[in-house]
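Chains, contacts and geometry: an overview
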Amino acid sequence: MASNIEHFVADYDTDLSQVDEFHTEKEVTGLFREALAIIIKNPLFWISSVIILILGSMALFPGLWTSTDPLYCPIGDSNLPASSAHILGTTLQGCDVYARVIDGAKPSLAIGIMTTIIGTAIGVLIGTLAGFFGGVLDSILSRLIDIFYAIPFILAAVAVLQLFESSDSIWKVIFTLSIFAWVGPARLMRSAVLSVKQQEFITASVSLGATNKRNMFFHILPNAISPVISTATINIGAFIVAESTLSFLGLGLGSNTVSWGQDIANARDILVTTPSVLLWPSLFLAVTTLSFIFLGDAIREALDPKGRR
Amino acid sequence: MSKIIPEASETLLDVQNLSIDFDVDKRKVHAVQGVSFTVEAGQKVAIVGESGSGKSTTAHSLINLLPGSGHVTGGSIKLEGREMVGESEKTFVQIRGKKIGLVPQDPMSNLNPVYKIGKQIGEALDANNVDVDHDIVQKVVDGKLEIQHSDDELFLGRNARRKIENEVLKIWLAEAKYNVDEIMQKVPKESQDNLSLRKDLFNILVAAGVSEENASDIHSRIVKLHKSMTVGSSIRIDVIHTLQKFGISESKATQIAHEHIKGSEKVDRIAGLLAEAGLVHAGQRAKQYPHEFSGGMRQRALIAMGLAARPRLLIADEPTSALDVTVQKRILDRINRLTSTLGVAVLFITHDLGLAAEYSDKLIVMHKGRIVESGASLEVLRNPKHPYTKKLMNAAPSLNATRMISESTSQIDKSIQKSFNVFEFENLTKEFKLPGTKKNFKAVDDITFAVQRGKTTAIVGESGSGKSTVANMALGLLKPTSGRILFESTNMDEIMKSKKLSKDFRMKVQPVFQNPYGSLDPLYSLGRAIAEPMEIHGVGNSKSRTARVKELLELVQLPSSIMTRYPNELSGGQRQRIAIARALALNSELILLDEAVSALDVLVQEQILHLLNNLQKELGLTYLFITHDLAVVNIVADEVVVMESGKLVETGKTADIFKNPKQEYTKNLLEAIPGRNLI
């Protein structure tokens, strides 16, 4: 059979360039640049970033947005509809709704961001230690994580906040939320570290003579942290909701601090007559939370290596 | 068993001017451009090419399984004269399995882990509506293919085989002048029905009054007969032939076969298919799950699946690239034999020219989406015309028989007194605890050998031979259970205990690993990656390090402008060169190459091997080369250590081992090198 097969040879014009040549004219694209290129193409990133920037300016410079004192509540102004003096109307107590919503951004953002920073820092540290060293330390830390997972959040928050009943500072809320905020990142970090630890570049670096410390902080941690970063961003929104929940229940910030959760709670009484008083703080809360979730999602998409190629 | 006689030069597959595009980032990538070839019925055709040559894309387009954005943009694919380009998915569903079978590349991911192997093969039968009673016999009637049934093509069933064996047993007893009825009465009742399957047949016969000599003779003949008949695969006509071979008269054999063989059940057919693919104890194996199978066994199951519906063409897409060489040979031999007896044409996709030539009649060489050369396999191999084919030939380690000679002439000054052996391994043993048991598993078992300075020592073995464990112990990443390792005459235990000695050791011994995609930190720029060993050991300042990195990049033939780039921008071979540069950063003495070229295309592999060889000459390096590929060993190593399941099988000079292997295992490994005897 073999004899009647024609021997075909193509023209020699085929490009036989040097084997495995590196084309220097190629654009430089590190992982970071690639992530950046992906994220700036994502409309969700831009939408959520703009909203978060606006919210940030409300928190840092409320004077830019309103000159009305949110705590100035003449009872005579109770339940006014929207007008030029009070563009979103007033509450049952006579406070300006617009001023209160603007002012509510500050504690919400502060609590959300601070809790996330503290919780993520602790979580990353614990997760890295547990994942990197394994063995007994991992067992102990993992059980600790399990225990914190098992505690019902609201119940524990009620108990802890009782201790600071007299205080009016936002730090008591940050502290209470932080007790739980580290658990998720710790778990995520532990599993990420475990998978990065298996990779050959870690073995390579060990046999180059790198110390544990170097491996842990210079190789494993940077490679394992991207899922934690995106979840942390989403968590900011979650903690803002948690703060509102506590304030709604009357456990969070005192009445001297403006808070969306508290305003939502107060608006319940006049829900039937003036629903707009409930609408505005709820809307701000929802938009803020959603923005952080979208931003986190955009970051995840950009950092996730599986999302590429 | 050859039952399908292909019509002389009937064209099964006719591909003309096929072009395939992929859409990548809104750009069109022409993966296949104007490819034309034919496959005759029963012909074995191999497509050879590097990754990215379009060989797999071409094969997948035949069954409309192009990945992602791939689509046929022009040309025609005619299967049995019928145009397939533009046909609906529904038509292809009919074609797949029945007309064209596929043995995929990766046996690990192509079986569903939650179903038993047998069930998955059963699915291949069900999906194609295959008759499990009869073998499929296709005949050309009036220019049309027709499936015809004849009673002689009924499959042998499990019970039928037992009954036939019992009958034959009785005939043999009668031939040996025994009163069969009398003896049968003395055989215990419970074993009368399955007499032929009993392991203690000899004892039973002797107890029943058969002389020891006759009993032993009959027992051994029955065992042979049992092995010659495969449930679910042998058909009536085969059984008649088999019985005749065992001395039964034609009329008697025909009578027995007609009396007992009434077709098989699905389970029998599944076992038969697995047995055809070369699995022993196929009936029991069918009841197991994929995780209980080794890679080679899984690939056999996939072959059984690919051939279940008796297709006319089998596409084998790099079916053995994930397997050991000896397993590779057995699998390909099996595919070859099976398709020959069944008259199935094969389209074999591979990157290995030697392999392609050995298992095909016709060879097609593809490069960048085009066919550069095609023709009869041996003709192309012995008389390659196109420069690209020649280049591939020269690069294929399996087709080159002598050690690479360095091009460089500069010699390192050897007057500095250093120990002759870099490493000495003495009675090295490593045991691992098997999880869930108290048993220990000896990964490395009492191994003694030395690594000479300035030479390349290769440790060869299949997966599970313990070669990587030896490597990890040599790197000081694992501690031996017993025995010792001497590095430059100093015990490794001592080295690892002392901070100064271990630091010194880490500078002198550097590894390069198999996976080019895993061994570089993706977040480190290449310059930083290469400079890392210097940074760790506090060598030089940032300026001198940068200068050294540039020097190293030049050594591995990469532009120094690459420093600011990241690993993801590089090809596998380029990354491997970076890893080598990193290993050289500290003027190391020994580089441990753990399957460092196994994942690379043949041309890139050759380039890296040349580079390593020249570096060795220039810098007086010692290599410890860990690999499963004897062909590569042949062209780079001076000394070979052959390992099998933890034990040292054979050691010696490469040339001696290749010319005159003393151990059976080494011989098998050598025979498994594809294409070795073709030139």
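Criteria and cut-off values
Residues numbered from 1 in each chain as written. Chains lettered and ligands numbered in written order. Predicted model: local features only at pLDDT ≥ 70, side-chain atom pairs only at ≥ 80, totals over all residues. Helix = DSSP H or I, 4+ residues; strand = E, 2+ residues; numbered from the N terminus. Buried ≥ 20, exposed ≤ 12 C-beta atoms within 10 Å, placed from the backbone. Contact = placed C-beta atoms within 7 Å. Pairing = 2+ DSSP bridges. Axes fitted to C-alpha atoms, helices over the stretch in contact; angles between N-to-C directions. Domains from an automatic or database assignment.

Looking at the overall build of chain B
Scanning chain B from terminus to terminus reveals 26 helices and 22 strands. Overall, chain B is about 95 × 65 × 45 Å in size when its C-alpha atoms are taken along their principal axes. Across the 679 residues in chain B, those meeting the buried criterion constitute 48%. Contacts in chain B between residues at least 24 apart in sequence constitute 71% of all its contacts with a sequence separation of at least 6.

Topic: the sheet that holds strand β9 (residues 313-317) of chain B
Read across the sheet, seven strands follow the order β1(A)-β12(B)-β11(B)-β3(B)-β10(B)-β9(B)-β6(B) without closing on themselves; strand pairing throughout is mixed. A strand with exactly one partner marks an edge of an open sheet, and here the two such strands are β1 (8-9) of chain A together with β6 (100-103) of chain B. Both β1(A) and strand β12 (residues 370-376) of chain B contribute to a ladder of two bridges, which runs antiparallel. Paired with A:V9 across the bridge in β12(B) is B:E373. Packed on one face of the sheet, helix α12 (residues 295-307) of chain B meets β6 and β9 of chain B and runs near 170 degrees to β6(B).

A few points about unusual backbone geometry
Residue and element names in this part refer to chain B. A positive phi angle, close to 50 degrees, is found at E80, a residue other than glycine. Inspection of the secondary structure assignment puts E80 in the loop between β4 (71-79) and β5 (82-83). A count of 16 C-beta atoms within 10 Å places E80 in the partly exposed class. Located in the positive-phi region is Q557, a residue other than glycine, with phi close to 60 degrees. Note on placement: Q557 falls in the loop between α21 (542-555) and α22 (572-584).

What about the sheet that holds strand β16 (residues 482-487) of chain B?
Residues and elements named next belong to chain B. Read across the open sheet, the four strands follow the order β14-β13-β16-β17; overall the sheet is antiparallel. Looking at strand neighbours, the two that pair on one side only are β14 (440-452) and β17 (490-491), the edges of this open sheet. Taken together, the two bridges between β16 and β17 define a ladder with antiparallel strand orientation. Each residue of the ladder has a partner; that of L486, found in β17, is N491.

Examining the environment of B:S360
Residue and element names in this part refer to chain B. Residue position: S360 is located in the loop between α14 (353-358) and β11 (362-367). Put simply, S360 and A376 are 16 residues apart on the chain and 8.5 Å apart in space, counted from C-alpha to C-alpha. Apart from the residues within four sequence positions on either side, S360 is in contact with K44, V45, A46, F348 and S377.

Let's talk about the interface of chain A and chain B
Between chain A and chain B, the residue contacts involve 34 residues of the former and 52 residues of the latter. Among the secondary structure elements, those contributing two or more residues to the side of chain A that touches chain B are β1, α8 (200-207) and α9 (212-224) of chain A. Tallying contributions element by element places α8(A) first for the side of chain A that touches chain B, with six residues.

Regarding the environment of B:G454
Locating B:G454 in the fold gives a position in the loop between β14 and β15 (456-460). Not counting residues within four places of it along the chain, the set of residues in contact with B:G454 comprises B:G620 and B:T622.

Focus: the domain arrangement of chain B
Reports often express the size of an interface as the amount of accessible area lost when the parts come together. Domain annotation of chain B identifies domain 1 (11-110 + 311-395), domain 2 (151-264) and domain 3 (421-521 + 587-671). Domain 1 of chain B and domain 2 of chain B are separated by 45 Å when their C-alpha centres are compared.

Description of the pairing of strand β21 (residues 639-644) of chain B
Residues and elements named next belong to chain B. Within β21, six of the six residues are buried, which leaves it mostly tucked inside the rest of the structure. What you see with β21 is no split at all: E639, V641 and M643 on one side and V640, V642 and E644 on the other are buried throughout. Relative to β21, β15 runs parallel, the two being bridged by four bridges. Bridge pairing in β21 places I459 opposite V641. Sheet analysis places β21 next to strand β22 (residues 647-653), joined by six bridges and oriented antiparallel. Opposite E644, over in β22, you have K647 as the bridge partner. Connecting β21 to the next strand, β22, in antiparallel fashion are two residues, including S645 with a positive phi near 30 degrees.

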